[in-house]
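Residues per chain are reported as follows:
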Amino acid sequence: MKGIVFTEFLEMVESKFGLETVDNIIESAALPSEGVYTAVGTYDFNEMVGLITNLSAEVGTPVDDLIYAFGLYLFDSLGRAHPEVIQSYNAPLGLLYSIEDHIHVHVKKLYPDAELPTFKILEKTDSSISMVYSSSRGLYRLAHGLMERAFQHFNGSADISFELLKEDGTEVKFDIVQHG
């Protein structure tokens, strides 16, 4: 997993829960990296699992809720780091429709070894989109948070529902219906 995900996650934890919490979750995770990450480095996904699990125990919030909150946070962080990507769009559905063909292509140029989820578009209308998220990591709640924040970014709103196609969350169908 790319280091930028780790650095942004720890920044979110610090901003929401404080530096002491960051220290506690790193210390209790016994990480091979010792919690030292660079944005361009690559780290074992299990380190992220350890950090999120420890954060959940530390703050008493379910893991899925923390992953969703991180998705909301990460959208803004990535938008600040790479504004040219979001500026290519004037509406959230256009951005979501282009994840695979534009956004992930851009990410791969920046981080050639990034392991990204795939999004297969099933159906698209002017006000809705249905897609299937696939990833061996099962971080569909991160994708959910990113989607939700995309609508907020464009001052819009939507009903976003999801259905687990595989129980472990490695394949999830999202149905998104934009309001107004």
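Above this text you will find the structure in question.
Residues numbered from 1 in each chain as written. Predicted model: local features only at pLDDT ≥ 70, side-chain atom pairs only at ≥ 80, totals over all residues. Heavy atoms only, no water.

**Observations concerning the sheet that holds strand S4 (residues 171–178)**
Here is step 1: Strand order across the open sheet formed by four strands is S1-S2-S4-S3, with antiparallel pairing between neighbours. What marks the edges here is a single partner per strand, and that holds for strand S1 (118–124) and strand S3 (158–164). Across the sheet, the mean angle from the axis of one strand to that of its neighbour is 20°, orientation sign disregarded.
Here is step 2: One ladder, built from seven bridges, connects strand S2 (residues 128–134) with S4; its direction is antiparallel. In the strand pairing of S4, Val132 is matched with Lys173.
Here is step 3: Here helix H8 (residues 140–153) sits on the sheet and contacts S1, S2, S3 and S4; the angle it forms with S3, its principal contact strand, is near 170°. (Pairing = 2+ DSSP bridges. Helix = DSSP H or I, 4+ residues; strand = E, 2+ residues; numbered from the N terminus. Axes fitted to C-alpha atoms, helices over the stretch in contact; angles between N-to-C directions. Contact = heavy atoms within 4.5 Å.)

**Concerning H8**
Here is step 1: The end-to-end C-alpha distance of H8 is 20 Å, a good match for the 20 Å that 14 residues give at a rise of 1.5 Å each.
Here is step 2: The element H8 is extensively covered by neighbouring structure, given that eleven of its 14 residues are classed as buried.
Here is step 3: Among the residues of H8, those classed as buried are Tyr140, Arg141, Leu142, Ala143, His144, Gly145, Met147, Glu148, Arg149, Ala150 and Phe151.
Here is step 4: Against helix H4 (63–81), helix H6 (92–97), S1, S2, S3 and S4 lie the buried residues of H8.
Here is step 5: In the stretch just after H8, Asn155 is the one whose phi turns positive, near 55°. (Expected span 1.5 Å × (residues − 1). Buried < 20%, exposed > 50% of the residue type's maximum accessible area, 1.4 Å probe, protein only.)

**Topic: the side chain of His106**
Here is step 1: Here His106 shows up in helix H7 (residues 99–110).
Here is step 2: Among the polar contacts made by the side chain of His106, one reaches the side chain of Glu84 at a distance of 3.2 Å.
Here is step 3: Once residues lying within four places of it in the same chain are set aside, the contact partners of His106 are His82, Glu84 and Val85. (Polar contact = N/O pair within 3.5 Å; in protein donor to acceptor, adjacent residues only side chain to side chain.)

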